[in-house]
Number of protein chains: 2
Amino acid sequence: MSEKKSGHLTLLRSTPLLLNLPETALAMLDGILTERSFSRGETIFSEGSESVGSYIIIKGRVKVFKLSAEGKEQILHIVGTKELLGAVSAFAGTPYPAHAEAMEMTTAFFLPRKDFLVLIRKEPSVVMNMMASLSMRLQHFTRMIEDLSLKEVPGRLAAYLLYLHERGGGSDVVEIDISKGQLASLLGTIPETLSRILRKMSDRGLLKVSGRRIKLLNRKALQDIVNGDKLGL
Amino acid sequence: MSEKKSGHLTLLRSTPLLLNLPETALAMLDGILTERSFSRGETIFSEGSESVGSYIIIKGRVKVFKLSAEGKEQILHIVGTKELLGAVSAFAGTPYPAHAEAMEMTTAFFLPRKDFLVLIRKEPSVVMNMMASLSMRLQHFTRMIEDLSLKEVPGRLAAYLLYLHERGGGSDVVEIDISKGQLASLLGTIPETLSRILRKMSDRGLLKVSGRRIKLLNRKALQDIVNGDKLGL
DNA sequence: GGATGTCTTTGACCTATGTCAAAAAGAAAG
DNA sequence: CTTTCTTTTTGACATAGGTCAAAGACATCC
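An account of the accompanying structure is given in this report. (Residues numbered from 1 in each chain as written. Chains lettered and ligands numbered in written order. Predicted model: local features only at pLDDT ≥ 70, side-chain atom pairs only at ≥ 80, totals over all residues. Heavy atoms only, no water.)

**Points about the overall build of chain A**
Moving on, step 1. The helix and strand inventory of chain A stands at 9 helices and 12 strands.
Moving on, step 2. Overall, the C-alpha framework of chain A stretches about 60 × 40 × 30 Å when taken along its three principal axes.
Moving on, step 3. Scored against the burial criterion, the 233 residues of chain A give a buried share of 51%.
Moving on, step 4. Sequence-distant contacts in chain A: of pairs separated by 6 or more residues, those separated by 24 or more amount to 70%.
Moving on, step 5. By element, 52% of the accessible surface of chain A is carried by carbon and sulfur atoms, the whole surface being about 10,600 Å².
Moving on, step 6. Across chain A, the centroid of the 32 positively charged side chains sits 3 Å from that of the 25 negatively charged ones. (Helix = DSSP H or I, 4+ residues; strand = E, 2+ residues; numbered from the N terminus. Buried < 20%, exposed > 50% of the residue type's maximum accessible area, 1.4 Å probe, protein only. Contact = heavy atoms within 4.5 Å. Areas by Shrake-Rupley, 256 points an atom, 1.4 Å probe, with all protein chains shown as cover. Lys, Arg positive; Asp, Glu negative; His and termini not counted. Charge placed at Lys NZ, Arg CZ, Asp CG, Glu CD.)

**Here we look at the packing of helix H6 (residues 153-167) of chain A against helix H9 (residues 219-226) of chain A**
Residue and element names in this part refer to chain A.
Moving on, step 1. Across the interface, H6 lies against H9 with an axial gap of 8 Å and an inter-helix angle of 130°. When the axis of H6 is compared with that of H9, the two are oblique. Two packed elements cross with a definite hand, and for H6 against H9 that hand is left-handed. Residues Pro 154, Gly 155, Ala 158, Ala 159, Leu 162 and His 165 of H6 form the contact with H9, whose participating residues are Arg 219, Leu 222, Gln 223, Ile 225 and Val 226.
Moving on, step 2. Of the residues in the contact of H6 with H9, the class split is 7 nonpolar, 3 polar and 1 charged. (Axes fitted to C-alpha atoms, helices over the stretch in contact; angles between N-to-C directions. Parallel < 35°, antiparallel > 145°, perpendicular 65-115°, else oblique. Left-handed = near helix turned anticlockwise from the far one by under 90°. Nonpolar A, V, L, I, M, F, W, Y, C, P; charged D, E, K, R; others polar.)

**Here we look at the protein's contact with DNA strand D**
Moving on, step 1. Inspection of the region around DNA strand D gives 15 residues, with A:Val153, A:Thr189, A:Ile190, A:Thr193 and B:Arg199 positioned closest.
Moving on, step 2. The side chain of B:Ser195 places a nitrogen or oxygen atom 3.2 Å from a sugar or linking oxygen of DNA strand D.
Moving on, step 3. B:Arg199 is positioned such that a nitrogen or oxygen atom in its side chain is 3.1 Å from a phosphate oxygen of DNA strand D.
Moving on, step 4. Every element with two or more residues in the surface near DNA strand D is listed here: H6 and helix H8 (191-203) of chain A together with helix H7 (180-186) and helix H8 (191-203) of chain B. (Near = heavy atom within 4 Å. Polar contact = N/O pair within 3.5 Å; in protein donor to acceptor, adjacent residues only side chain to side chain.)

**Describing the pairing of strand S11 (residues 207-210) of chain B**
All names here are of chain B.
Moving on, step 1. Of the pairings in the sheet, the one linking S11 to strand S12 (residues 213-216) comprises 4 bridges and is antiparallel in character. Bridging from a neighbouring strand, Val 209 pairs with Ile 214 of S12.
Moving on, step 2. What sits between S11 and S12 in their antiparallel hairpin is a turn of 2 residues, with Gly 211 showing a positive phi close to 65°. (Pairing = 2+ DSSP bridges.)

Here it is, written out as structure tokens:
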């Protein structure tokens, strides 16, 4: 991890957490933040350790995950640019509830917990923005719990592919921007199972896989699978 | 559902959401809130419907759950006295993400979304309290996702029993305050499986079941199961 | 362009847990 | 107390998906 003082007011202005803050508050922030860089695979914080502060991701992606006793990992979510990392713990003063690790070269602003508490006292509206972000994450988790407990793996995969399709503006070619092993973890399964299911779907003409690029050939059928139809899968 | 105007300032003062509010704000609230009662099994709101407001539970318990296409339910959490119901949706203006149903005779204060928005504008500190409550829920969900994806059913059950043990102040006799079927749903499984696992644990001398009352006879072994040891289960 | 390491796929196997059906035990009602 | 309804338990069975092991496919690095 490398570190240096920042001076990036423009970036600050465009982060959701800090939206609509008066310039004075931003200037104050600018003096507090430090820029930190993490290389691929580097740990940003570990589950159970005391919260020392939160991060605003500037560049790169961070995976937040839990580890089982046997070392299997379940990815909770992937935090990307302009998103917050570790804010809940910093706010509540509780230990980090999961591990965070840079998936690629990642740059982030570090906001020490102490200064953070001063900030929200001076600018309660910051909390408003945080609430919005928290709400979204809460809804994400709600859906995730539903997925993990109610759907089988093909259903979760189909849901994920259709989600990528949506997010990609409706293109039938979607690109999974994480490794298949990581995708397996995100879906609550293992690489072998994911591989087999992709094979079956491919055999049945639902899609075509070329590396991380997947072409959806039958969205309707995929939607049926999400809804619990098996289609011989 | 029955409804009447409220005048319960004392109750308001002791709800976490409203902690530390000036009396003027409380008085204003008192004029806004209505008291609503729901009988056992009554729906309070349904997934996907527009958020009209949030509730502060005064008495009783509400189960918040998702339904699969086949009608299987996954309980997300159980909201009890002085807790908030539907606050995220009211805040974010998004539809309710799950169903809410009274598990028993339940009384709650209803806070219309419109008034709620006015309130947080006038009293940003309310949001501070909400954040704390949301954070807790987020951590609960984090754990739940971990449980559902990393642990097998015996592990989830053992974790739940030990949780009840903690919450019950360390007594070795714990009382599950929901039906076994509901508990199964909360653990992401079905009554049959739960019944079989309780049987096995009982056979192995880990606990003793009498109706909804369970006596923990070997906490250490239960903890081992949470950590992934099978112990022939 | 080998050589080394990581990611992905495949096969054989096994087990946890879901499904279906029915009996048993409790709870509620008359 | 008997009837009726709900909840819980048991049994037999099917299967999704995990484990282990090995082979391919890719990427990276001298």
